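Here is what each chain is made of, one letter per residue.
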Amino acid sequence: MKTQKKLSTKKMLVTALLAALAYVLNSFVYFPAMAPFQHFVDVLAAVLVGPWYGLASALICGILRMMSGRTIQAVTGAIFGPILGGLIYRKTHNLYLVFLGEVIGTGILGALTSYPLMKIFYGLDVHKWYYFVPYYTPAAIVGAGMGLAVTLIFQKTGLLKRMHASLD
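This one's a predicted model, so the numbers in the text were calculated from it and none came from an experiment.

### So, the packing of helix α5 (residues 80-92) against helix α6 (residues 95-122)
Phase 1 of the analysis: Look at α5 against α6: their axes get within 7 Å of each other, and the N-to-C directions meet at 150°. When the axes of α5 and α6 are compared, the pair comes out roughly antiparallel. Judged by the sense of rotation from one axis to the other, the crossing of α5 with α6 is right-handed. Residues Phe80, Gly81, Pro82, Leu84, Gly85, Ile88, Tyr89 and Thr92 of α5 lie in contact with α6, whose contacting residues are Leu95, Leu97, Val98, Gly101, Glu102, Ile104, Gly105, Thr106, Leu109, Gly110 and Thr113.

### So, the packing of aromatic side chains
Phase 1 of the analysis: All told, the structure shown has four aromatic pairs when counted by the stated rule.
Phase 2 of the analysis: Here Tyr131 and Phe132 contribute two aromatic rings whose centre-to-centre distance is 5.0 Å and whose plane-to-plane angle is 80°, an arrangement assigned as edge-to-face.
Phase 3 of the analysis: In this structure Tyr131 comes out as partly exposed when scored by relative accessible area, which is 28%.
Phase 4 of the analysis: On the basis of an interplanar angle of 50° and a centroid distance of 5.8 Å, the ring pair of Phe132 and Tyr136 is categorised as tilted. This pair shows no difference in class: Phe132 is buried, exactly as Tyr136 is.

Here is what the cut-offs are and how they apply
Residues numbered from 1 in each chain as written. Predicted model: local features only at pLDDT ≥ 70, side-chain atom pairs only at ≥ 80, totals over all residues. Heavy atoms only, no water. Axes fitted to C-alpha atoms, helices over the stretch in contact; angles between N-to-C directions. Helix = DSSP H or I, 4+ residues; strand = E, 2+ residues; numbered from the N terminus. Parallel < 35°, antiparallel > 145°, perpendicular 65-115°, else oblique. Left-handed = near helix turned anticlockwise from the far one by under 90°. Contact = heavy atoms within 4.5 Å. Phe/Tyr/Trp six-rings, centres within 6.5 Å; stacked < 30°, edge-to-face > 60°. Buried < 20%, exposed > 50% of the residue type's maximum accessible area, 1.4 Å probe, protein only.

Laid out in structure tokens, this is it:
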């Protein structure tokens, strides 16, 4: 029982650190209508802590960003990528598919989820349900590409294996 609790504590700590990293990077490196560093961290979270802790990391960061004046897109644009990427990684251990999961999760699912919420809560007056897809997808590609590059380096150097062993 102690081993399981220790595992959860380690994963919670890494989750909190990833949320903090995403928040800091998104706060200090700003691109209009883009948050590529969220997707960078989402890929790391999907690979290191899995889909549900990755979701928690993205949710924590998104809520902090909303408290800093961002819209609900800070949450909807972040939560689907680590879930999809984490589930894919859990089944395949393929880092390239994690990249694809982040891009589809954010660029499509996150964008489509944002539309009705922005219309309801913020009075967005656009008639196209796919309005956010062209904004979310490039940010997801750039950020997930950075995350893929870092995780590939981790894998090549053996660091990824050691990180997983430490968290397992």
